[in-house]
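Single-letter residue listing:
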Amino acid sequence: GGIITQTPKFLIGQEGQKLTLKCQQNFNHDTMYWYRQDSGKGLRLIYYSITENDLQKGDLSEGYDASREKKSSFSLTVTSAQKNEMAVFLCASSYNQDTQYFGPGTRLLVL
Amino acid sequence: GDSVIQMQGQVTLSENDFLFINCTYSTTGYPTLFWYVQYSGEGPQLLLQVTTANNKGSSRGFEATYDKGTTSFHLQKTSVQEIDSAVYYCAMSDFGSFNKLTFGAGTRLAVCP
């Protein structure tokens, strides 16, 4: 088996701040994903990456940057945090078109 | 575009009740359909999946049938337990899209002892 680790678990930021979320997986999966989870809206894809140094935009990429410098890690940056923003960011990985495995999430609150 | 609709935001049942969670989808392709379950404080995990080749999936007492005619993929369980309390997401992926998933809004299930 494997595991997906997301850091930090909780992130409190200030309006306008740049915030970075990190994700590590030891499944040796090729594809990694970042989703945003809002109450009542399900999960929405922000970015995904099919291999090291690849980046593909999802439906919700505006306001975010991503980086896949190694196969095992995928970072997400909120370029300018919005006041009163509250969401959970979920990282996932999969082997090609197979099942996606999710991490426990990073909970963001912007004051 | 692709969409997945879950109309029930919250379902409250007693133990041993029958569970039915509605899911309908819209796509022009031939999707694989999934149910994911998310327990409190955890990420979603796969509960079951079904492709066009096999119409029905089941896992841990849950069942879902893929109906192309009504474009539905409802989740059922005959007798729920308190440990089934969680959020259930219906999701869809299109072959060749690197497994990009489109999720429904989720249904929160609360099972009372």
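Up top is the structure.
All residue numbers refer to positions counted from 1 along the written sequence of the respective chain. By the order in which they are written, chains take letters starting at A while ligands take numbers starting at 1. Residue-level local features of this predicted model are given only where pLDDT is at least 70; pairs of side-chain atoms are given and counted only at 80 or more, and the full residue set underlies all totals for whole chains, interfaces and linings. Side-chain numbers here rest on the full set of heavy atoms in the structure, without hydrogens or water.

**Here's the deal with the state of the cysteines**
When the sulfur atoms of two cysteines come within 2.5 Å, that pair is taken as a disulfide. The final tally for this structure, using the stated rule, is two disulfides over all chains. Through a disulfide, C23 of chain A is tied to C91 of chain A; the S-S separation comes to 1.9 Å. On the sign convention where negative is left-handed, the bridge of C23 of chain A and C91 of chain A, at about -75° about the S-S bond, is left-handed. Note that C23 of chain A is positioned in strand β3 (residues 19-25) and C91 of chain A in strand β9 (residues 86-94), a separation of 68 residues in sequence. The partner cysteine of C23 of chain B in its disulfide is C90 of chain B, sulfur to sulfur 1.9 Å. Strands here are runs of E lasting at least two residues and helices are runs of H or I lasting at least four, both read from the DSSP assignment and numbered beginning at the N terminus.

**Here's the deal with the nonpolar core**
Nonpolar side chains in soluble globular proteins tend to be buried together. Residues and elements named next belong to chain B. To qualify as a nonpolar core, a set must consist of buried Ala, Val, Leu, Ile, Met, Phe, Trp, Tyr and Cys residues joined through side-chain atoms within 4.5 Å. Burial classes: relative accessible area under 20% of the type maximum marks a residue as buried, over 50% as exposed, and values in between as partly exposed (1.4 Å probe, protein chains only). In terms of nonpolar packing, the biggest core is built from 25 residues, with L19, W35, L47, L48, F73, L75 and Y88 touching the most fellow members. Here this core takes four residues from strand β10 (residues 86-94), the largest share from any one element. Pairs of residues are marked as contacts when any of their non-hydrogen atoms sit within 4.5 Å. The residues touching Y88, leaving out its near neighbours within four places in the chain, are Q6, I21, W35, Y36, V37, L47, F62, L75, G106, T107 and L109.

**Here we look at a nonpolar patch on the surface**
All names here are of chain A. Each patch is assembled from residues with relative accessible area greater than 30% and no salt bridge, linking like charges that lie within 9 Å and nonpolar side chains (Val, Leu, Ile, Met, Phe, Trp, Tyr) that lie within 5 Å. Computed with a 1.4 Å probe, the accessible areas rest on the Shrake-Rupley method; for each residue, only the protein chains presented here act as cover. A side-chain nitrogen of Lys or Arg and a carboxyl oxygen of Asp or Glu constitute a salt bridge if their distance falls within 4 Å. On the surface, I12, M86, L109 and L111 cluster together into a nonpolar patch covering about 400 Å² of accessible area. By the element assignment, I12 lies in strand β2 (residues 10-13). For I12, a relative accessible area of 57% puts it in the exposed group.

**Notes on the interface of chain B and chain A**
Reports of interface size often rely on the accessible area that becomes lost once the parts have come together. Contacts between chain B and chain A engage 18 residues on the former and 21 residues on the latter. Interface area for chain B against chain A, summed over the two sides, is near 1,600 Å², with a carbon-plus-sulfur share of 54%. If you look at where chain B meets chain A, you find zero salt bridges. Pairing of N or O atoms within 3.5 Å defines a polar contact, subject to two protein rules: one partner must be a possible hydrogen donor and the other a possible acceptor, and residues neighboring in sequence count only if both atoms are side-chain atoms. Taken together, the connections running from chain B to chain A amount to five residue pairs in polar contact (both at pLDDT 80 or more). Elements supplying a minimum of two residues to the side of chain B that touches chain A: β5 (31-38), β6 (45-50) and β11 (101-103) of chain B. Its residues assigned to classes, the side of chain B that touches chain A shows eight nonpolar, eight polar and two charged. Defined in terms of a 1.4 Å probe, buried area is the accessible area two parts forfeit on being brought together, summed over both. The nonpolar class holds Ala, Val, Leu, Ile, Met, Phe, Trp, Tyr, Cys and Pro. Asp, Glu, Lys and Arg form the charged class, and all remaining residues, Gly among them, are polar.

**Here we look at the sheet that holds strand β1 (residues 4-7) of chain A**
All names here are of chain A. Across the sheet, which stays open at both edges, the four strands sit in the order β1-β3-β8-β7 with antiparallel pairing between neighbours. Here the strands that pair on one side only, and so sit at the sheet edges, are β1 and β7 (64-70). The mean angle between the axes of side-by-side strands here comes to 15°, regardless of whether they run parallel or antiparallel. Strands are labelled as partners when DSSP assigns at least two bridges between them. Pairing of β3 with strand β8 (residues 73-78) involves six bridges; the strand directions are antiparallel. Following the sheet pairing, K22 is matched in β8 by S75. The axes used here are C-alpha line fits, helices contributing only the stretch in contact, and every angle between their N-to-C directions lies in the interval 0 to 180 degrees.

**Quick look at the pairing of strand β11 (residues 106-110) of chain A**
Note on strand geometry: in a regular strand, side chains alternate between the two faces of the sheet. All names here are of chain A. Along β11, the buried face is formed by T106, L108 and V110; none of R107 and L109, which line the opposite face, is buried. Across four bridges, the pairing between β2 and β11 is parallel. Residue L11 lies in a different strand from β11, and its bridge partner there is L108. Examined bridge by bridge, β9 and β11 share four bridges and lie antiparallel to one another. When the bridges of β11 are listed, F89 appears paired with T106.

**Considerations on the environment of R68 of chain A**
Residues and elements named next belong to chain A. You can see R68 is positioned in strand β7. Distance from R68 to Y95, taken between C-alpha atoms, is 16 Å for residues 27 residues apart in sequence. A polar contact of 3.3 Å, which involves the side chain of R68, links it to the backbone oxygen of K70. From its side chain, R68 meets the backbone oxygen of K71 in a polar contact 2.6 Å long.

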